[in-house]
Amino acid sequence: MQIEIDDKSGFCFGVVRAIGEAEKALGETDRVYSLGDIVHNRIEVQRLEEMGLKTVTHEDMESLSGSRLFIRAHGEPPSTYRKAEELGIRVIDATCPVVAKLQERVKRAYLKMQPVEGQVVILGKRGHAEVVGLAGQADNHVVVIEKEEDMEQIDFTRPIYFLSQTTQSIALFEHLGEEMKRRASNPSQVEICDTICRQVSGREQHLAEFAARFDAVFFVCGKKSSNGKVLYEVCRRSNPHTYNIEEASEIREEWLEGVEKVGICGATSTPKWLMQRVADHLAEMK
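Rules used throughout
Every chain is numbered independently, its residues counted from 1 as its sequence is written. Only residues with pLDDT of at least 70 get local features here, since the model is predicted, and only at 80 or more are side-chain atom pairs given and counted; chain-wide, interface and lining totals rely on the full set of residues. Hydrogens are left out, water is left out, and the side-chain values use all remaining heavy atoms of the structure. Note: two strands are recorded as paired if DSSP finds a minimum of 2 bridges between them. Going along the chain from the N terminus, every DSSP run of H or I of four or more residues is numbered as a helix, and every run of E of two or more is numbered as a strand. For helices, the fitted line uses only the C-alpha atoms of the stretch in contact; every axis is such a line through C-alpha atoms, and the angle between N-to-C directions lies from 0 to 180 degrees. Whenever Lys or Arg places a side-chain nitrogen within 4 Å of a carboxyl oxygen from Asp or Glu, that contact is recorded as a salt bridge. Only protein chains enter the accessibility calculation, which uses a 1.4 Å probe; a residue whose area is less than 20% of its type maximum is buried, one above 50% is exposed, and one in between is partly exposed. Nonpolar core, defined: a set of buried Ala, Val, Leu, Ile, Met, Phe, Trp, Tyr and Cys residues in which side-chain atoms within 4.5 Å join the residues together. The contact criterion used is simple: two residues touch if any of their non-hydrogen atoms lie within 4.5 Å. Each Phe, Tyr or Trp ring, with Trp reduced to its six-membered ring, pairs with another whose centre is within 6.5 Å; inter-plane angles below 30 degrees give stacked pairs, above 60 give edge-to-face pairs, and intermediate values give tilted ones. Criterion for a charge above a ring: Lys NZ or Arg CZ within 6 Å of the ring centre, and within 35 degrees of the ring normal.

## Overview of the sheet that holds strand E5 (residues 90-93)
Across the sheet, four strands lie side by side as E3-E2-E4-E5; this open sheet has parallel pairing. The strands lining the two open edges of the sheet, one partner per strand, are strand E3 (53-56) and E5. If you compare each strand with its neighbour and ignore which way they point, the axes differ by 35 degrees on average. Bridge count for strand E4 (residues 68-71) against E5 is four bridges, and the pairing is parallel.

Here it is as structure tokens:
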């Protein structure tokens, strides 16, 4: 059986940077607290936990005075930094530079919309850490939409400033932007700012082409990964014999019946070593 790992899959720049910062901090002390999962991949989180990283929630911050708190690549709202300062917590800020730039854009958009009674609209997953951080830049005065049906929340008689979570679909963002202009009382009052990370979005076309080349495809990603859900669907549309797994042990024998060529790929939160583990497991099975 021929097995190939996609060379463009795996951690994006922001996650690589965050993991590196975490490993550096853990090399200096035996305990670092991460505000939420450092990456949406259970296996990678477990590896870092064995090194001394402990995942905590915002509610836990009250008991972390004097400790080191890791801010993951998704970023955080300003309120988190203020609370950390009040509690005497040392922050290790690993916010992805692309996300940090987007946070500044949301802040500027909010200031621009205030005098004209406009709205800041963000395409993103409600409750996602990055979106929570973005909304915080505008004191949570934003409209978050996930699909076209959510546009009912928007007042189309007022100005609109439209941005996106970094990992959303370009096609969906462009479609919704055009729809906003179509529905707006004054289309010239709809400002569209494409803030999607091209390192992430550029993978969609590549993965569609990659998946089509194989008899079966194993898409490796954590169950919590928002980006993983999007990219898995890209692969599945291109190749119906695409299986979403979190680790090698989930692979079933029947999925390999009659299969000669297997492709392995993953999300921006999937470590290369985990995809290699899946490849090694497949080689042992056949």
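## Remarks on the pattern of salt bridges
Counting across every chain of the model gives 20 salt bridges. Across the salt bridge formed by Glu 250 and Lys 223, the nearest N and O atoms sit 3.7 Å from each other. With Glu 250 in the loop between strand E11 (242-245) and strand E12 (261-266) and Lys 223 in the loop between strand E10 (216-220) and helix H9 (226-238), this pair connects stretches of sequence that are 27 residues apart. You can call Glu 250 partly exposed: its relative accessible area is 27%. By relative accessible area, which is 47% here, Lys 223 ends up partly exposed.

## Digging into the nonpolar core
In this structure, Val 15, Ile 19, Val 32, Ile 38, Val 39, Leu 53 and Phe 70 are the most contacted members of the largest nonpolar core, which totals 20 residues. Contributing elements (two or more residues each) for this core: helix H1 (13-28) and helix H2 (42-51). For this core, the leading source of residues is H1, giving six residues. Setting aside anything within four residues of it in sequence, one finds Val 15 in contact with Val 39 and Thr 268. Ranked by size, the runner-up nonpolar core spans 18 residues in total, among them Val 259, Leu 274, Val 278 and Leu 282.

## Details of the packing of aromatic side chains
By the definition in use, this model includes six aromatic pairs. With 4.3 Å between their ring centres and 10 degrees between their planes, Tyr 243 and Trp 255 make a pair best called stacked. Of the two residues, Tyr 243 sits in strand E11 while Trp 255 sits in the loop between E11 and E12, which places them 12 residues apart along the sequence. Judged by relative accessible area, which is 18%, Tyr 243 ranks as buried. Assessed through its relative accessible area of 16%, Trp 255 is described here as buried. One aromatic cluster is present, formed by Phe 218, Tyr 243 and Trp 255 through successive ring pairs. Here Lys 261 stacks its cationic end above the ring of Phe 214, 5.9 Å away from the centre of that ring.

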